[in-house]
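Read off the chains here:
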Amino acid sequence: MDYGLLSLYKTEGETSRDVDNYLQRKFQIKRVGHLGTLDPFAEGLLVIAIGKMTKLLPYLDSSFKTYEAVLKLGEKTDTLDKDGEVIERKETPTITKEMLEDASKRMLLIKSQVPPMYSALKKDGKPLYKLARKGIEVERKPREIEVRKFDILSFNNNEVRFFCDVKEGTYVRSLGETFAEYLGTVGHLTSLKRLSIGSFSLKDSKKKEDITLEDSLNPVNYLKKDYDIIEISDELKKHVMDGKPLNLKSDKDEVIITYQGSPFAYYTKENSQYLCKRGLF
């Protein structure tokens, strides 16, 4: 199959783009992209789209993601993770079970977050992390986030292992910083593992060296979870290729049009008609 979706386990130390480039060379495929970038120090689930499925990446359900992380208390780094330089040390108070539980409950109340300087967000076309490396700090507007779940898995030697279920766009590194503040100290992440993105799960993934094109998830079977799948006839094919509105029978606002069993276009409902948002041919 020259198109599809791959569930891949990114290892620590490589960038998400490194993975894309590796798969391009391995499979001799020009179009490879990923859903949700992972920091180099992070590991876990990376959803890869190949071929024409890269066009659908912006529309795949990635509204919520789950992670497991380890937060080291007492030291803050400029990047909020172990790859950065220590910029502050603070004595950590005696941490009790009650303190952890109280801080966890407070995490669920967070509704906004200022993105860290060490991030891929751009200011005047330049990634913030490049400005940060030059010692430049710019104003960042708070963004809306949601923490649906924040559970403590263990606490040993001033290290907190936690699980979180968060809205897309939430920086787990910043959550770690906030949690440390709630405990009366500072901290940074020493590990971060992504477990899921929408309906995709880490348990179905393979490392890039072991993955084959035969491991590609059937896009139609996957997309059935979130969209209505509507097969069109030869008669409607040209209408779809011309991007014309369609009158479709569906109870969902988003549909995937297929032709001969293959994803062909992405349509959304506006008023009484469905409008083409992206061709997949």
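Provided above is the structure to which this section pertains.
Since this is a predicted model, take the numbers as computed values, not measurements. (Residues numbered from 1 in each chain as written. Predicted model: local features only at pLDDT ≥ 70, side-chain atom pairs only at ≥ 80, totals over all residues. Heavy atoms only, no water.)

## What to know about the pairing of strand 18 (residues 262-270)
Part 1 of the reasoning: Where burial is concerned, most of strand 18 is hidden: seven out of the nine residues are buried.
Part 2 of the reasoning: Bridge count for strand 17 (residues 254-259) against strand 18 is six bridges, and the pairing is antiparallel. Bridging from a neighbouring strand, Thr258 pairs with Pro263 of strand 18.
Part 3 of the reasoning: The hairpin turn running from strand 17 into strand 18, its antiparallel successor, is two residues long, and Gln260 in that turn takes a positive phi close to 55 degrees.
Part 4 of the reasoning: Relative to strand 19 (residues 273-279), strand 18 runs antiparallel, the two being bridged by six bridges. (Buried < 20%, exposed > 50% of the residue type's maximum accessible area, 1.4 Å probe, protein only. Helix = DSSP H or I, 4+ residues; strand = E, 2+ residues; numbered from the N terminus. Pairing = 2+ DSSP bridges.)

## Considering the packing of aromatic side chains
Part 1 of the reasoning: Applying the stated rule across the entire model yields seven aromatic pairs.
Part 2 of the reasoning: Judged by centre distance (4.0 Å) and plane angle (25 degrees), the rings of Phe200 and Tyr222 are stacked. Here Phe200 is found in strand 14 (residues 200-201), whereas its partner Tyr222 is found in helix 5 (residues 219-223), with 22 residues between them in sequence.
Part 3 of the reasoning: In this structure Phe200 comes out as buried when scored by relative accessible area, which is 3%.
Part 4 of the reasoning: Aromatic ring contacts, followed pair by pair, group Tyr59, Tyr227 and Tyr266 into a single cluster.
Part 5 of the reasoning: Here Lys52 stacks its cationic end above the ring of Tyr3, 4.6 Å away from the centre of that ring.
Part 6 of the reasoning: A cation over an aromatic ring shows up here: Arg106 above the ring of Tyr182, its NZ or CZ 3.8 Å from the ring centre. (Phe/Tyr/Trp six-rings, centres within 6.5 Å; stacked < 30°, edge-to-face > 60°. Lys NZ or Arg CZ within 6 Å of the ring centre and 35° of its normal.)

## Side note on a positive patch on the surface
Part 1 of the reasoning: Taken together, Lys122, Lys126, Lys130, Arg133 and Lys134 make up a surface patch of like positive charges.
Part 2 of the reasoning: Structurally, Lys122 is set in strand 8 (residues 122-123). (Patch = residues over 30% accessible without salt bridge, like charges linked within 9 Å, V, L, I, M, F, W, Y side chains within 5 Å. Areas by Shrake-Rupley, 256 points an atom, 1.4 Å probe, with all protein chains shown as cover. Salt bridge = Lys/Arg side-chain N within 4 Å of Asp/Glu carboxyl O. Lys, Arg positive; Asp, Glu negative; His and termini not counted. Charge placed at Lys NZ, Arg CZ, Asp CG, Glu CD.)

## Points about the sheet that holds strand 19
Part 1 of the reasoning: Across the sheet, four strands lie side by side as 16-17-18-19; this open sheet has mixed pairing. One side of each edge strand has no neighbouring strand; the edge strands of this open sheet are strand 16 (228-231) and strand 19. Neighbour-to-neighbour, the strand axes of the sheet open up by a mean angle of 35 degrees, direction not taken into account.
Part 2 of the reasoning: Judged from the four bridges that link them, strand 16 and strand 17 form a sheet pairing that is parallel. Following the sheet pairing, Ile229 is matched in strand 17 by Ile256.
Part 3 of the reasoning: In the packing of helix 6 (residues 234-241) onto the sheet, the strands contacted are strand 17 and strand 18, and the crossing angle to strand 18 comes to about 65 degrees. (Axes fitted to C-alpha atoms, helices over the stretch in contact; angles between N-to-C directions. Contact = heavy atoms within 4.5 Å.)

## Considerations on unusual backbone geometry
Part 1 of the reasoning: Here Gln28, not a glycine, exhibits a phi torsion of approximately 55 degrees, which is positive.
Part 2 of the reasoning: On the secondary structure map, Gln28 appears in the loop between helix 1 (16-27) and strand 2 (32-35).
Part 3 of the reasoning: The residue Leu80 is not glycine, and still its phi comes out positive at about 70 degrees.
Part 4 of the reasoning: Relative to the elements of secondary structure, Leu80 occurs in the loop between strand 5 (75-77) and strand 6 (86-89).
Part 5 of the reasoning: Given the relative accessible area of 6%, Leu80 is considered buried.

## Looking at helix 1
Part 1 of the reasoning: Here helix 1 spans 17 Å end to end across 12 residues, near enough to the 16 Å set by a 1.5 Å rise per residue.
Part 2 of the reasoning: Buried within helix 1 are the following residues: Ser16, Val19, Asp20, Leu23 and Phe27. An end-on view of helix 1 places all buried positions within 100 degrees of arc, on one side of the element.
Part 3 of the reasoning: Those residues of helix 1 hidden inside the fold are in contact with strand 1 (4-10), strand 2 and strand 3 (43-50).
Part 4 of the reasoning: Positive phi appears at Gln28, one or two residues downstream of helix 1, with a value of about 55 degrees. (Expected span 1.5 Å × (residues − 1). Arc of directions from axis to C-beta.)

## Description of the environment of Phe281
Part 1 of the reasoning: Topologically, Phe281 is positioned in the segment after strand 19.
Part 2 of the reasoning: Note on Phe281: relative accessible area 40%, which makes it partly exposed.
Part 3 of the reasoning: Here the alpha-carbon distance between Phe281 and Lys55, two residues 226 residues apart in the chain, equals 9.4 Å.
Part 4 of the reasoning: Every residue in contact with Phe281, bar those within four places of it in the chain, is listed here: Lys55, Val240, Met241 and Phe264.

## Remarks on the pattern of salt bridges
Part 1 of the reasoning: The tally for this structure, following the rule as stated, stands at 16 salt bridges.
Part 2 of the reasoning: Arg17 is the partner of Asp20 in a salt bridge, and the nearest nitrogen-oxygen pair spans 3.4 Å. On the criterion of helical spacing, the pair formed by Asp20 and Arg17 is a turn pair, its members being three residues apart in helix 1.
Part 3 of the reasoning: Notably, a salt bridge pairs Lys149 with Asp151, separated by 3.8 Å at the nearest N-O pair.
Part 4 of the reasoning: Exposure remark for Lys149: the relative accessible area of 41% places this residue in the partly exposed category.
Part 5 of the reasoning: Residues joined in a network through salt bridges with shared partners are Glu14, Lys208 and Glu209.

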